[in-house]
Amino acid sequence: MTAAKLLLDCDPGLDDALAILLAHSDPALELVAVTTVGGNVVLENTTRNALELREHLGFTDVPVAAGAAGPLVREAKNAAEVHGPGGIGDVILPPATLPLDPRNAVDLIIETLRSAPGEIHLVATGPMTNIALAIRQEPRVAEWAASFVIMGGSFTRGNTTPAAEFNIYADPEAAAEVFRAGWQVVMVGLDLTLQALVDDAIKDRMLALGTLGRELVVPLATFWKDPQDPDWGGQAVHDVCAVAYISRPDLFTSVPARVEVETAGEWTAGMTVTDFRSSIPNALVPVKLDVAGFWDYVLGCYARAAS
Ligand code: RIB
Ligand code: CA
């Protein structure tokens with residue numbers, strides 16, 4: 001069976017790094033390009049992390065291009081309090097020696113999708129600024145992508161504000177344009193990703209991965225603990241869920257919906273207003289995860305990388 005090709009636009013980021021590891025280690029996936037955006041931390045650090053992960057994991061033939069440092073119109077926000085100022089917690093990787101692709105991320109996205117219409121899945125796990133700019137520059141991106149999957153949004157509550165999830169909150173105008181681009185957005189939101197928690201049992205299975213587990217996977221998957229959550233059940237591997245959807249959509253129960261992004265609300269900016277009753281859906285919303293199957297799949301792929 002030929003591997004499914006994907007381009008990953010990301011803001012590494014603890015869970016973005018774990019998503020990159022999955023995209024690289026799943027034999028049913030072929031990572032064809034990585035693009036970076038400012039988000040969890042500044043663009044310089046998300047890009048450095050992507051370059052260092054590329055060499056550390058060994059996908060050195062995959063281009064990495066940097067994109068937007070900040071949102072379309074608003075002030076840049078970050079989540080450094082969660083991911084650490086460097087973006088990947090206390091993980092220290094060898095400095096990258098291979099260069100960044102000379103193209104801007106937006107040009108790399110357009111050229112990559114144009115080169116193989118209908119063959120390459122587009123996955124976005126950070127603010128959608130690069131995606132919106134690519135659609136503006138070349139609307140046919142919405143036709144060329146084999147599918148478009150995001151980690152972002154939610155239909156019940158936010159994590160950055162009570163109403164908004166970080167990736168959408170960081171650039172609501174970009175997200176609003178992306179949801180209206182005419183394609184189906186697979187919205188892997190918090191309602192789904194908060195089912196994928198690294199509890200003690202999962203942590204132990206990660207530690208059993210040997211050096212990769214001890215030195216990379218566990219530090220990324222357990223760096224942050226919410227001091228305001230008395231019922232903390234572990235870090236959610238949000239972005240891993242978006243990549244997993246490409247290879248294993250059978251692990252997800254999904255429902256069509258119309259999603260519009262609030263951009264004017266004083267208290268609700270970045271809210272993904274989700275109408276499951278709409279007759280004009282523009283999104284497919286995974287609502288339930290086969291949690292045991294998910295972890296067997298993800299940790300099985302990581303074990304391949306570890307060996
Ligand atoms: O809200 C979770 C999302 O925001 C994840 O993509 C995480 O990496 C951060 O970017
Ligand atoms: Ca992310």
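Because the structure is predicted, anything quoted here is derived from the model rather than measured.

Caption draft 1: Expanded view of the overall build of the protein chain. When helices and strands are counted, the protein chain shows 13 helices and eleven strands. In summary, the protein chain has a C-alpha radius of gyration of 18 Å against a globular reference of 19 Å for 307 residues, a match within 12%. Counting only C-alpha atoms and orienting by the principal axes, one finds that the protein chain spans roughly 50 × 45 × 40 Å. Across the protein chain, contacts joining residues at least 24 apart in sequence account for 82% of those joining residues at least 6 apart.

Caption draft 2: Highlighting the site of ligand 1. Asp 15, Asn 40, Asn 159, Glu 165 and Asp 239 are the nearest of the 13 residues found near ligand 1. Here an oxygen atom of ligand 1 and a side-chain polar atom of Asp 11 are 3.2 Å apart. Relative to its unbound accessible surface of 270 Å², ligand 1 loses 96% to contact with the protein. At the level of elements, helix H1 (14-25), helix H7 (166-170) and helix H12 (238-247) are the ones that each hand at least two residues to the shell around ligand 1. In the shell around ligand 1, the residues fall into two nonpolar, six polar and five charged.

Caption draft 3: Local environment of the pattern of salt bridges. Taken as a whole, this structure holds 13 salt bridges when the rule is applied. In this structure, the salt-bridge partner of Glu 111 is Arg 103, at a minimum N-O distance of 2.8 Å. Given a relative accessible area of 31%, Arg 103 falls into the partly exposed group. Among the salt bridges present, the one from Arg 114 reaches Glu 138, with a minimum N-O distance of 4.0 Å. Taken together, the residues span a long stretch of sequence, with Arg 114 in helix H4 (residues 105-115) and Glu 138 in the loop between helix H5 (129-137) and helix H6 (141-144) at a distance of 24 residues. Taking relative accessible area as the criterion, Arg 114 reaches 39% and is therefore assigned partly exposed. Residues joined in a network through salt bridges with shared partners are Asp 101, Arg 103 and Glu 111.

Cut-offs and rules
- Residues numbered from 1 in each chain as written.
- Chains lettered and ligands numbered in written order.
- Predicted model: local features only at pLDDT ≥ 70, side-chain atom pairs only at ≥ 80, totals over all residues.
- Heavy atoms only, no water.
- Helix = DSSP H or I, 4+ residues; strand = E, 2+ residues; numbered from the N terminus.
- Rg over C-alpha atoms; globule rule 2.2 N^0.38 Å.
- Contact = heavy atoms within 4.5 Å.
- Near = heavy atom within 4 Å.
- Polar contact = N/O pair within 3.5 Å; in protein donor to acceptor, adjacent residues only side chain to side chain.
- Areas by Shrake-Rupley, 256 points an atom, 1.4 Å probe, with all protein chains shown as cover.
- Nonpolar A, V, L, I, M, F, W, Y, C, P; charged D, E, K, R; others polar.
- Salt bridge = Lys/Arg side-chain N within 4 Å of Asp/Glu carboxyl O.
- Buried < 20%, exposed > 50% of the residue type's maximum accessible area, 1.4 Å probe, protein only.

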